[in-house]
Amino acid sequence: MKVGIQIDRSVRETEVLITAPERSQAVEALREHIAAFDQKTLETLTAYRDDSAKIIDAADIFRS
């Protein structure tokens, strides 16, 4: 699979185009994943310290 980014300052909205030799389950799953990406909000983060990981709610993070 080839992946690239093309910057065009004249466009107003990001567009993702999947080019494939045929429609397949993998292609459809990729399309669904990309479409859902824009709808997701960040709810949790995984924080790592030494050899342990902890799930943190994004609402619990403060920024000053």
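Located above this text is the structure these notes cover.
A brief report on the enclosed structure follows. Just so you know, these numbers come straight off a predicted model, no measurement behind them. Once a new chain begins, its residue numbering starts again from 1 and follows that chain's sequence as written. Local features in this predicted model are restricted to residues of pLDDT 70 or higher, and side-chain atom pairs are both shown and tallied only at a pLDDT of 80 or more, whereas totals for entire chains, interfaces and linings draw on every residue. To obtain the side-chain values, all non-hydrogen atoms of the structure were included, while hydrogens and water were left out.

A separate point is the environment of Ser-10. The helix count covers DSSP runs of H or I at least four residues long, the strand count covers runs of E at least two residues long, and both are numbered beginning at the N terminus. With respect to the helices and strands, Ser-10 occurs in the segment before α1 (25-37). Ser-10 sits in the exposed class, given a relative accessible area of 60%. Here the side chain of Ser-10 touches Asp-8 through a polar contact of 2.5 Å, side chain to side chain. Three labels apply to residues, based on accessible area from a 1.4 Å probe with only protein chains included: buried if under 20% of the type maximum, exposed if over 50%, partly exposed otherwise in between. Definition of a polar contact: a pair of N or O atoms within 3.5 Å, with one able to donate and the other able to accept a hydrogen when the atoms are protein atoms, and with sequence-neighbouring residues admitted only if both atoms are side-chain atoms.

This part covers the layout of surface pockets. Within this model, the largest pocket holds a volume of roughly 850 Å³. Only protein atoms enter the 1 Å grid used here. Points where a 1.4 Å probe fits but cannot escape make up a cavity, open sets with protein on both sides within 12 Å along at least five of seven lines make up a pocket, and a residue lines them when an atom lies within 4 Å of a point. Taken together, 22 residues form the lining of the largest pocket, with Gly-4, Ile-5, Glu-15, Val-16 and Leu-17 sitting closest to its centre. Grouping the constituent residues of the lining of the largest pocket by class yields 13 nonpolar, four polar and five charged. Grid points are joined across faces, edges and corners, and a volume is the space filled by probe spheres set on the points. We call Asp, Glu, Lys and Arg charged. Ala, Val, Leu, Ile, Met, Phe, Trp, Tyr, Cys and Pro are nonpolar, and the rest, Gly among them, are polar.

Attention shifts here to a nonpolar patch on the surface. Taken together, Val-16, Ile-18 and Ile-34 make up a surface patch of nonpolar side chains, about 210 Å² in accessible area. Residue position: Val-16 is located in the segment before α1. Only residues whose relative accessible area exceeds 30% and that take part in no salt bridge are eligible for patches, with like-charged residues grouped when within 9 Å of each other and nonpolar side chains (Val, Leu, Ile, Met, Phe, Trp, Tyr) grouped when within 5 Å. The Shrake-Rupley method, run with a 1.4 Å probe sphere, supplies the accessible areas, and residue values consider only the shown protein chains as cover. A carboxyl oxygen of Asp or Glu within 4 Å of a side-chain nitrogen of Lys or Arg is what we treat as a salt bridge.

Moving on: the pairing of strand β2 (residues 52-57). With zero of its six residues buried, β2 lies for the most part at the surface. At least two bridges found by DSSP between two strands is the condition for calling them paired. Taking the residues between adjacent antiparallel strands as the criterion, strand β1 (residues 44-49) and β2 are bridged by two residues, where Asp-50 takes a positive phi near 55 degrees.

The next subject is the pattern of salt bridges. This model, assessed by the stated rule, comprises two salt bridges. A salt bridge links Arg-31 to Glu-28; the nearest nitrogen and oxygen atoms lie 2.6 Å apart. In this pair, Arg-31 and Glu-28 both sit in helix α1, three residues apart, roughly one turn of the helix. Overall, Arg-31 belongs to the partly exposed group, its relative accessible area being 39%.

Positive phi values are uncommon outside glycine, yet Asp-50 reaches one of about 55 degrees. Structurally, the position occupied by Asp-50 is in the loop between β1 and β2.

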